[in-house]
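Observations on the model geometry
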Amino acid sequence: MEQFKAIQITKPEGGSYGAALSTLSQSDLPDGEVLVRVSHSTMNYKDALAITGKSPVVRKFPMVPGIDFAGVVERSADPRFQPGDAVVLNGWGTGELYWGGLSQYATTRADWLIRLPEGMSAEQAMSIGTAGYTAMLCVMALQSHGLTPESGPVLVTGANGGVGSIAIALLSRLGYMVTASTGRMEEAPHLEALGASAVMDRQSLSAQGKPLQKENWAGAVDAVGSHTLANVLATMRYGGVVAACGLAQGMDLPASVAPFILRGVTLVGVDSVYAPMSRRQTAWDRLAKELPAEVLGNNTRLIGLSEVIPLANDLLAAKVRGRIVVDVNR
């Protein structure tokens, strides 16, 4: 049985939590309808939490992390997929409950796979990854609640992260005037190159603020949560809409009902993990059309499997800009 490399997280009975680059054989893989030869995966905030053990992301051991991957079908028990088909997977608890993509091979359910959009490479798909797909779901949520470029300015928090950076690129190309909020003002030129018309220091949003503040934003994409999301809500214009998809600052929401009942603000929760297949396919198809390749190239760093574990702490410490793509064969 063919051997391959994978990041594996273990927690032996009575032993300590650990992650290592391991050599496995295909017989070690969990049962699945489709066997995929992975070419690229990514390194996300959730993967870094899993690898370091800083948060109880992983529910079963041993576990291969990696919440998304792209590759080619090698074997399929489902007629929808044939050997040689290029596919993408993200979400569905992959890398948490089910073995994930930081591996040269993966098994999965056919229901969870989508075909790689035409004209998109596996590396491009992972440059977008779950973060970019989540950003598109946020854009779709804002648009479905009536937000247009004419509505007014849009705020993106956590702007240097994977979701934030791609949300800026997507929104600006759709004609929205985007302000980026970041804790790393030295990255302002990068954010402006992505399409931000203004960059603000996150400090004005990250501390406790008043329940209602000056009306600034018609829309917002928030990947931060906690006081930041509370302040975003408090500074929305009348009828504004916020798409919330992350918790980089915290899971709490120390806000009041004032923005909702006095300004008619809408807070839309965006879940990327269990989004229905139709919305998922729409998001990926739109990404293939609306996200220019040069944006991905300038926003992406390519690493090999051996570099994943050392990078996990840097990612959690917000020392990583944009997207990290993992070439699992490098």
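What counts as what
For every chain, the first residue of its written sequence is number 1, and the numbers climb from 1 along that sequence. Where totals are concerned, whole chains, interfaces and linings use all residues; where local detail is concerned, this predicted model gives features only for residues with pLDDT of at least 70, and gives and counts side-chain atom pairs only at 80 or more. Heavy atoms from the whole structure form the basis of all side-chain values; hydrogens and water molecules are not counted. Here a helix means four or more residues in a row that DSSP labels H or I, a strand means two or more in a row labelled E, and each is numbered from the N terminus. In this description the radius of gyration comes from C-alpha coordinates, and the expected globular size is given by 2.2 Å times residues to the power 0.38. Burial here depends on accessible area, computed with a 1.4 Å probe over protein chains only, as a share of the maximum for the residue type. Under 20% is buried, over 50% is exposed, and the range in between is partly exposed. Only heavy atoms enter the contact rule, under which two residues are in contact if any of them lie within 4.5 Å. For accessible areas, the Shrake-Rupley method is used with a probe of radius 1.4 Å. Any residue's cover is judged against the shown protein chains and nothing else. For this count, His and the chain ends are skipped, Lys and Arg are scored as positive, and Asp and Glu as negative. For charged residues, the charge sits on one atom: NZ in Lys, CZ in Arg, CG in Asp, CD in Glu. Multiply 1.5 Å by the residue count of a helix minus one, and that product is the helix's expected span. The angle between axes fitted to the seven-residue stretch ending at a residue and the seven-residue stretch beginning at it gives the bend at that residue. Whether two aromatic rings pair depends on their centres lying within 6.5 Å, for rings of Phe, Tyr and Trp, where Trp uses its six-membered ring; planes under 30 degrees apart make the pair stacked, over 60 edge-to-face, and the rest tilted. Interaxial angles span 0 to 180 degrees and are taken between N-to-C directions of axes, which are lines fitted to C-alpha atoms, for helices over the stretch in contact. Under this scheme an angle from 65 to 115 degrees is roughly perpendicular, one under 35 degrees roughly parallel, and one over 145 degrees roughly antiparallel; angles in between are oblique. In this scheme the handedness of a crossing depends on how the near helix is turned from the far one: anticlockwise by less than a right angle means left-handed, clockwise means right-handed. Pairs of N or O atoms are called polar contacts if they sit within 3.5 Å, as long as, within protein, a hydrogen donor faces a hydrogen acceptor (for residues adjacent in sequence, only side-chain-to-side-chain pairs).

Quick word on the overall build of the protein chain
Summing up its helical and strand segments, the protein chain has ten helices and 15 strands in all. Its C-alpha radius of gyration of 20 Å places the protein chain within 12% of the 20 Å reference for a compact globule of 330 residues. Seen along its three principal axes, the alpha-carbon backbone of the protein chain occupies a region of about 65 × 45 × 35 Å. By the burial criterion, 55% of the 330 residues in the protein chain qualify as buried. Nonlocal contacts in the protein chain, meaning residues at least 24 apart in sequence, comprise 70% of its contacts between residues at least 6 apart. Only carbon and sulfur atoms are counted for the fraction: they give 51% of the accessible area of the protein chain, which is about 13,800 Å². Of the charged side chains in the protein chain, 27 are positive and 29 negative, and the gap between their average positions amounts to 4 Å.

Remarks on helix α2 (residues 122-144)
End to end, α2 covers just 29 Å across 23 residues, shorter than the expected 33 Å (1.5 Å per residue, more than 12% under). The sharpest bend along α2 comes to roughly 65°, located at G129. A positive phi of about 90° marks G146, the residue just after α2.

Some points on the environment of I7
Residue placement: I7 occurs in strand β1 (residues 3-10). Separated by 157 residues in the primary sequence, I7 and G164 place their C-alpha atoms 27 Å from one another. Among all residues touching I7, those that are not within four sequence positions of it are A20, L21, M63, V64, P65, L102, L305, V308 and I309.

Thoughts on helix α6 (residues 226-234)
Burial analysis of α6 places eight of its nine residues in the buried class, the great majority of the element. By the burial criterion, the buried members of α6 are S226, T228, L229, A230, N231, V232, L233 and A234. Buried-residue contacts for α6 involve β8 (154-156), α5 (203-206), β11 (217-222), β12 (236-244), α7 (258-263) and β13 (266-269).

So, the packing of aromatic side chains
Under the counting rule described, the total for this entry stands at six aromatic pairs. A ring pair is formed by F4 and Y105, whose centres lie 5.6 Å apart and whose planes are at 65°; its orientation type is edge-to-face. Of this pair, F4 sits in strand β1 while Y105 sits in strand β6 (residues 105-108), and the two are 101 residues apart along the sequence. The burial state of F4 is the same as that of Y105; both residues are buried. Residues Y17 and F61 carry aromatic rings whose centres are separated by 5.7 Å and whose planes lie at 85° to one another, so their mutual orientation is edge-to-face. Taken together, the positions of Y17 in the loop between β1 and β2 (18-25) and F61 in the loop between α1 (45-52) and β4 (68-76) put the pair 44 residues apart, joining distant regions of the chain. By the ring-pair criterion, three or more aromatic residues cluster together here, those being W92, Y98, W112 and Y274.

Quick word on the packing of α1 against helix α10 (residues 308-316)
Two elements in contact, α1 and α10, have axes whose closest approach is 9 Å; the angle formed by their N-to-C orientations is 115°. The angle between α1 and α10 places the two elements in the roughly perpendicular class. Crossing of α1 against α10: the hand is left-handed. Residues Y45, A48, L49, I51 and T52 of α1 form the contact with α10, whose own contacting residues are V308, I309, A312, N313, L315 and L316.

Looking at the environment of Q249
Within the secondary structure, Q249 sits in the loop between β12 and α7. Between the alpha carbons of Q249 and E294 there is a distance of 30 Å; along the sequence they are 45 residues apart. Once residues within four sequence positions are removed from consideration, Q249 is found in contact with S206, V224, G225, S226, H227 and T228. Of the polar contacts made by the side chain of Q249, one reaches the backbone oxygen of S206; its length is 2.9 Å.

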